[in-house]
Amino acid sequence: MKDELNFENWVCPLPLRDYPSIVIGHGGGGQLSNELVAHLFLPAFQNSVLQNLGDSSVLPETAGRLAFSTDSYVVRPLFFPGGSIGDLAVNGTVNDLAMSGARALYLSAAFILEEGFPIATLAGVVDRMAAAARRAGVVIVTGDTKVVEKGHGDGCYINTAGIGMIPAGVDIGPAGARPGDVVIVSGTIGDHGMAIMSVREGLEFDTVIQSDCAPLGALVADILPLGGVHVLRDPTRGGVASSLNEIAASSRVGVILDERKIPVEPEVQAACDLLGMDPIYVANEGKLLAIVDAGSADAILERMRRHPVASRAAIIGSITQHHPGLLVTKTAIGGTRVVPMQLGEQLPRIC
Amino acid sequence: MKYLNEFRDGELSQKLAHDIRQITTRPWALMEVCGGQTHSIIRNGIDQLLPEEIELIHGPGCPVCVTPLALIDQALAIASQPGVIFCSFGDMLRVPGSTQDLFRVKSEGGDVRVVYSPLDAVTIARQNPDREVVFFGIGFETTAPANAMAVKLARQLGLKNFSMLVSHVLVPPAIEAIMTSPGNRVQAFLAAGHVCSVMGYWQYPPLAEKYRVPIVITGFEPLDVLEGIRRTIVQLESGQFEVENAYERAVTMPGNTVAQQTLAEVFEVTDRAWRGIGVIPKSGWRLREEYRDYDAEHRFHVSDIRTEESSKCHSGEVLQGRLKPNQCPAFGNECTPRRPLGATMVSSEGACAAYYNYGRFLTIAAAPAATSVSAS
Amino acid sequence: MCLAVPGQVKQIYEDQGVRMGRVNFGGIVKEVCLAYLPEISIGDYTIVHVGFAISKVDEESANATLQMFRDLGVLEEELGAKAEATSGDGHEIPK
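Calculation notes
Sequence positions are assigned chain by chain, starting from 1 and proceeding in written order. Here the convention is simple: chains get letters from A, ligands get numbers from 1, in the order in which they are written. Thresholds applied to this predicted model are a pLDDT of at least 70 for local features of residues and 80 or more for the giving and counting of side-chain atom pairs; totals over whole chains, interfaces and linings are not thresholded and use all residues. For two strands to pair, DSSP has to find at least two bridges joining them. Numbered from the N terminus, helices here are DSSP runs of H or I no shorter than four residues, and strands are runs of E no shorter than two. Throughout, an axis means a line fitted to C-alpha atoms (over the contacting stretch in the case of helices), and angles, computed between N-to-C directions, take values from 0 to 180 degrees. It is the C-beta atoms, placed from the backbone, that decide contacts: two residues are in contact if theirs lie within 7 Å. Note that Gly is not counted as nonpolar here; it falls among the polar residues with everything else outside the nonpolar set of Ala, Val, Leu, Ile, Met, Phe, Trp, Tyr, Cys and Pro and the charged set of Asp, Glu, Lys and Arg. Note that the domain bounds were set by an automatic or database domain assignment. The predictor reports its confidence for every residue as pLDDT, a score running from 0 up to 100.

**Q** Explain the sheet that holds strand E3 (residues 84-88) of chain B residue by residue, including any values.
**A** Residues and elements named next belong to chain B. The mixed open sheet is built from six strands, whose spatial order is E4-E3-E5-E6-E11-E10. Each edge of the sheet is formed by a strand with only one pairing partner; in this case those strands are strand E4 (111-114) and strand E10 (267-274). Recorded for the sheet is a direction-independent mean angle of 25 degrees between the axes of neighbouring strands.

**Q** Account for the interface of chain C and chain B, with residues named and values stated.
**A** Across the boundary between the two partners, chain C contributes 43 residues, which contact 53 residues of chain B. Mapped by element, the contributors of at least two residues to the side of chain C that touches chain B are strand E1 (5-15), strand E2 (18-25), strand E4 (45-49), strand E5 (52-56) and helix H1 (59-79) of chain C. If one sorts the elements of the side of chain C that touches chain B by residue count, H1 of chain C sits on top with nine residues. Counted by class, the side of chain C that touches chain B contains 26 nonpolar, twelve polar and five charged residues.

**Q** Let's hear about the interface of chain C and chain A: which residues, and what values?
**A** Of the residues lining the interface, ten residues belong to chain C; the matching set on chain A comes to 14 residues. Take the side of chain C that touches chain A: its biggest share by element is three residues, from strand E3 (residues 28-33) of chain C.

**Q** Summarise the domain arrangement of chain A; cite the residues concerned and give the values.
**A** Residue and element names in this part refer to chain A. Along its sequence, chain A is organised into domain 1 (14-166) and domain 2 (182-338). Here the C-alpha centre of domain 2 lies 28 Å away from the C-alpha centre of domain 1. If you look at the interface, domain 1 gives 19 residues, while domain 2 gives 21 residues. Of all the secondary structure elements, the ones that give two or more residues to the side of domain 1 that touches domain 2 are helix H4 (85-98), strand E4 (103-114) and helix H5 (119-136). The leading source of residues in the side of domain 1 that touches domain 2 is H4, at seven residues.

**Q** Describe in detail the confidence of the model for chain C, supporting the description with residues and values.
**A** Of all residues in chain C, 75% attain a pLDDT of 70 or more, and the chain-wide mean is 83. Model confidence for the complex: the whole-complex pTM is 0.91, and ipTM, which rates the interface, is 0.91.

**Q** Tell me about unusual backbone geometry, and please be specific about residues and values.
**A** In this chain, Arg76 of chain A is followed by Pro77 of chain A through a cis amide linkage whose omega measures -5 degrees. Following the sequence through the fold, Pro77 of chain A ends up in the loop between strand E1 (65-73) and strand E2 (79-80). Backbone geometry places Arg212 of chain B, a non-glycine residue, at a positive phi of 55 degrees. With respect to the secondary-structure elements, Arg212 of chain B resides in the loop between helix H11 (205-211) and strand E8 (215-218). At Val50 of chain C, a residue that is not glycine, the phi angle is positive and equals roughly 40 degrees. Inspection of the secondary structure assignment puts Val50 of chain C in the loop between E4 and E5.

Printed below as a string of structure tokens:
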């Protein structure tokens, strides 16, 4: 699919057909750049703000507190089981905003493309971004394209920044966890990271594991009105372990998990066992951790489970005043271990 | 995974642990040889289920920890050479050499690649005929057959651009070194299950007899480790010192004779320096003369390496079980997981790293009443 | 040092004159070198380390061991008091 030119959205495909790959000129701000915008980005992202093609995009007046987030996406390969860099670029930023309780509204999209990058592939990426944006209910209102010389980039890097609105009365953040709170995860962990591993050169394996890449804005919007939500965090790079370590540090509390309660797909566990990795450190792209008031936990859990992205939501632990700053888990055999912040990337091991 | 998950059963583990508590009447010091067993013990909290009388001393069965510093420095020098593709298992990437590690080499432009199998490195060599491909062949007897096959295949394919930096270490000489070291307190060994899948356990009865220590071949999952400990305690309590196989589903007395044949064909025994411990005679394998063409040490002449171990690092004593990590003066000061002085603070099963993480938990605050934790 | 996991052999073939196979580890399928287990057949379980099958899983033994663990608990419950720990449990201790 990514290699087929999709002309459905293109107003006038002719100019682009002359250049099957990105050339330096596409980042030059001249005719080639304009054609790329007019015939690739605009048709894909289709909205009235972007249509104006101003240097900056003017947004309608918005009342209330704004949340603002940015992230860059450099994933390899660009297309992987269950997702693509395009999906990540939209959902990642949408989700970051959602973790502050904000409903994402507007996104920017900046591309750094390597000379020689096939336009058909770019079209595929942009197509997925457009679809993800529609699903998440956001519009991409401004963007930029730069081209670097061959060998100086990895095909395609994307940065997205997003603006969202926080409903009145919502005040959540990493320092909000309190002893007695309950830790909820919205579903199975490790899916995204192991989906990537399965196609990573040198480590490939056949599997049905798919990335869980998904927007979480609607889920968050649904649980906030119930009250009692203190912290929200999407456990992306570094997994659940890193997110909870960060929250433990910010809130100056201890976190205790029960390993047996953490939902993991059997195949994800098998992939981790094969490579000597621990799902608790593996990235997720469509999950959230919610630290909530104990009294509200059951209601929040029940509401979460009604969403397709959170049908496997589960209570996995609690917040304690003991061992502040440390994440600890009870093991399946009844022991205890500290789950430290990992130093760098979790690597496959043979020992 | 079948034949894996069943051996992680929490309830059965508790029953086994209870049984061990019932039969233990005196203090005993056991050493688990294999780093993978150490990893399992720490990760599952197995030592916390044991009675206080049982002390588990973490052995030197971690190739990451014991690969000689000089060889790490050589690896780093080779990986830094332009045109080289340096392939390694993930474990080795953060091991500190005298001045840097493979991660740093990678960040400075070295082409360092993590592979799952040594055959992947051979494939990379075939796909990149104009580059020199080097594989870091570390490991105990378990990994040696894989490395041997890679070299054999490379020769069979007539590859001119593939070589291996070999540093294999052997378990039986390590056991001897430990038993003869002054101040040794080890009274029994949990032998490395997968090493024995390859080598069998015919090498151990003379050791058990000579040093009067039980040697129990043990697996890695909680039930396997606990059963290995249980059988060891039974022997200790009754004054026996036999070799026993507690990992029958994966180990036989003769072992894998096909693999052993290939090992004899490709490798020969040599003296080896174990990082932190020193030279243990006849404790390693190197490539035979016939395979010298594929030996990276011969292919690359790397000079100007000043190998210098930090004088503050006591990982050798830790590896021999003579020093507890928190007894080391550098522990938690100059030496932390973020800035490790030695390999035992780097490795996922390194005793120092394990103590650092678990120790913080114990000292920061009292453990909550709901979790039963016993210091070990 | 030896992270190795059990998988079931699904396919056997030769590549560059080396005996290879596809092995299923709980749903994950990976190519594995079977050169060191010339007798292994499709359907057998094998222990795999760094892409190499190093031993065949003795399934009977595995199941017997698990049953022994289960019985251990039952025996204790039946006896109520301290269970006598048995040594060897019927396995030979080699001299």
